[in-house]
Amino acid sequence: MTDPELLIGIGGRAEDLLLSQLTGDLARPAAGGAHGKDPADNGGGFLVHNQLFAVVLILFVTIGSPGSKTFPAFRFGTENGPNLAAGVPNIPFVGDVADVCVGVVIKPTQYYTDDGIPAFRSLNIGEMYVKDSDWVYFTQEGHQKNQKSAIRKNDVLVVRSGAPGTACVANDKYAGYNAVDIIIAHPDSAKINSTFLAMFTNLPHGMNQIKGKTGGAAQQHFNVSGYKSLKLMLPPLDYQNEFASFVVQTDRLRLTIQQSLDKLEVLKKSLMQEYFG
């Protein structure tokens with residue numbers, strides 16, 4: 001399988017390139033060369049791998065121009081929802097590709113202890129990452145009694161209250177933890193990639209639907225039924241897996257950059273103290 005990197009500009013011929021990729025017609029070159037816009041063009045571009053091309057643009061191009069007649073907007077829909085009039089068969093719901101349940105809701109504090117099985121709460125869920133601090137703990141007895149809410153590897157964890165829809169994936173480190181008042185999705189790995197589902201949930205394509213399903217004036221609240229009825233844009237599993245790899249690589253790069261910025265901030269404070277302290 002070839003894996004060339006393509007320089008695709010937002011705007012210009014990006015829509016034509018996407019149409020070519022999704023229809024298998026790669027013979028039609030874009031302006032600025034066969035691989036996209038001329039790098040010297042100041043229109044702005046970003047690097048994506050060939051196999052990621054369709055998925056990344058389906059999820060991201062339409063965010064910037066939801067009203068445009070892009071191929072993703074026409075064929076799949078925008079962040080405002082799938083385009084059912086476009087004849088797309090079998091628009092799936094989250095409930096079609098994952099078993100969805102909720103963490104312990106009724107008096108979870110009765111199971112708390114100072115040291116035991118860690119349990120997820122909303123404040124442990126960040127956008128595509130786990131906030132690994134401020135845990136509460138269940139007793140062994142409480143954990144055994146609430147096996148329905150036990151976390152498995154690759155579960156998608158979704159905030160219900162406060163910042164509803166914020167989602168992350170539980171890796172093997174968190175398998176065996178429990179959960180308090182969050183949504184837990186056990187994806188069918190034959191149908192959907194966990195990282196793809198979590199990212200879709202966090203993107204406007206998911207969040208805009210979630211906003212319409214939340215209730216409560218003072219504190220927004222999102223229910224299991226709302227998440228199960230979320231409509232998905234579901235590309236082939238191979239594309240989902242490629243997209244998930246892209247997300248992981250991007251997160252690693254973001255972490256590296258953030259660590260460098262943190263070091264620079266420490267150095268800056270040290271120099272300020274040295275010269276002006």
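In this text, all values refer to a predicted model and were calculated from it rather than measured experimentally.

> Just give me the short version of the overall build of the protein chain, but keep the residues and values in it.
Counting secondary structure elements, the protein chain contains nine helices and 14 strands. Restricting the contact set of the protein chain to residue pairs at least 6 apart, pairs at least 24 apart contribute 73%. Of the roughly 14800 Å² of accessible surface on the protein chain, 53% is carried by carbon and sulfur atoms.

> Please set out the packing of aromatic side chains residue by residue, giving values where relevant.
Under the defined criterion, the tally for this structure stands at ten aromatic pairs. With a centroid separation of 6.1 Å and an interplanar angle of 35°, the aromatic rings of tryptophan 135 and tyrosine 174 are classed as tilted. Taken together, the residues span a long stretch of sequence, with tryptophan 135 in the loop between strand 9 (129-130) and strand 10 (136-138) and tyrosine 174 in the loop between strand 12 (167-169) and strand 13 (178-179) at a distance of 39 residues. In this structure, tryptophan 135 and tyrosine 174 share a single accessibility class: buried. Pairing phenylalanine 222 with tyrosine 227 gives two aromatic rings, centres 6.2 Å apart and planes at 85°, and the pair type is edge-to-face.

> Got a sec to walk through the nonpolar core? Specific residues and values, please.
Membership of the largest hydrophobic core comes to 28 residues, with the highest contact counts inside it found for Val94, Val156 and Tyr227. At five residues, the largest contribution of residues to this core is made by helix 6 (residues 194-202). Each residue touching tyrosine 227, except ones within four places of it in the same chain, is listed here: Val94, Val100, Val156, Val158, Ile183, Ala185, Leu197, Thr201 and Phe222. If you look at the next biggest cluster of nonpolar residues, it comprises 15 residues, including Ile125, Val130, Ile151 and Cys168.

> Give a detailed account of unusual backbone geometry, specifying residues and quantitative values.
Peptide bonds are mostly trans, and most non-glycine residues show a negative phi. Positive phi outside glycine occurs at methionine 128, with the angle close to 75°. Assignment of secondary structure puts methionine 128 in the loop between strand 8 (125-126) and strand 9. At asparagine 154, a residue that is not glycine, the phi angle is positive and equals roughly 75°. Relative to the helices and strands, asparagine 154 resides in the loop between helix 5 (140-145) and strand 11 (156-159).

> I'd like a rundown of helix 9 (residues 237-276), residues and numbers included.
An α-helix turns once every 3.6 residues. As a result, residues three or four positions apart point the same way. Here helix 9 contains 40 residues, and its C-alpha end-to-end distance of 57 Å stays within 8% of the 58 Å for a straight helix at 1.5 Å per residue. When helix 9 is considered as a whole, its buried residues turn out to be Gln240, Phe243, Ala244 and Val247.

> Before we move on, can you summarise the packing of helix 6 against helix 7 (residues 204-211) with the specific residues and values?
Contact geometry of helix 6 with helix 7 gives a least axis separation of 4 Å together with a crossing angle of 60°. When the interaxial angle is binned, helix 6 and helix 7 end up oblique. Note on element contacts: helix 7 touches helix 6 through Pro204, His205, Gly206, Met207, Gln209 and Ile210, opposite Phe200, Thr201 and Asn202. Tallied by class, residues from the contact of helix 6 with helix 7 come to four nonpolar, five polar and no charged.

> How would you summarise the environment of leucine 237 if you had to cite specific residues and measurements?
Take leucine 237: it is sitting in helix 9. Taking C-alpha positions, leucine 237 is 7.0 Å from asparagine 193, a pair spaced 44 residues apart along the chain. The residues touching leucine 237, leaving out its near neighbours within four places in the chain, are Ser189, Ala190, Lys191, Ile192 and Asn193.

> Go over the confidence of the model for the protein chain with me, naming the residues and quoting the values.
Do not read the predicted coordinates in detail wherever pLDDT is low. The share of residues in the protein chain with pLDDT of 70 or more is 66%, and the mean pLDDT across the chain is 74. Confidence drops under pLDDT 50 across residues 1-77; counting only partners more than four residues distant or on other chains, this segment forms 145 contacts. Every residue in residues 83-89 scores below 50 in pLDDT, and together they form eleven contacts with partners more than four places removed in sequence or on other chains.

> Describe in detail the sheet that holds strand 14 (residues 182-187), supporting the description with residues and values.
Strand order in the open sheet made by the four strands is 5-14-11-12, with antiparallel pairing throughout. Pairing within the sheet leaves two strands with one partner each, and these edge strands are strand 5 (98-102) and strand 12. Between one strand axis and the next, the sheet turns through 20° on average, direction left out of account. Judged from the four bridges that link them, strand 11 and strand 14 form a sheet pairing that is antiparallel. Bridging from a neighbouring strand, valine 159 pairs with isoleucine 182 of strand 14. Against the sheet, helix 6 engages strand 11, strand 12 and strand 14, with an angle of about 165° to strand 12.

Cut-offs and rules
- Residues numbered from 1 in each chain as written.
- Predicted model: local features only at pLDDT ≥ 70, side-chain atom pairs only at ≥ 80, totals over all residues.
- Heavy atoms only, no water.
- Helix = DSSP H or I, 4+ residues; strand = E, 2+ residues; numbered from the N terminus.
- Contact = heavy atoms within 4.5 Å.
- Areas by Shrake-Rupley, 256 points an atom, 1.4 Å probe, with all protein chains shown as cover.
- Phe/Tyr/Trp six-rings, centres within 6.5 Å; stacked < 30°, edge-to-face > 60°.
- Buried < 20%, exposed > 50% of the residue type's maximum accessible area, 1.4 Å probe, protein only.
- Core = buried A, V, L, I, M, F, W, Y, C linked by side-chain atoms within 4.5 Å.
- Expected span 1.5 Å × (residues − 1).
- Axes fitted to C-alpha atoms, helices over the stretch in contact; angles between N-to-C directions.
- Parallel < 35°, antiparallel > 145°, perpendicular 65-115°, else oblique.
- Nonpolar A, V, L, I, M, F, W, Y, C, P; charged D, E, K, R; others polar.
- pLDDT = per-residue confidence, 0-100.
- Pairing = 2+ DSSP bridges.

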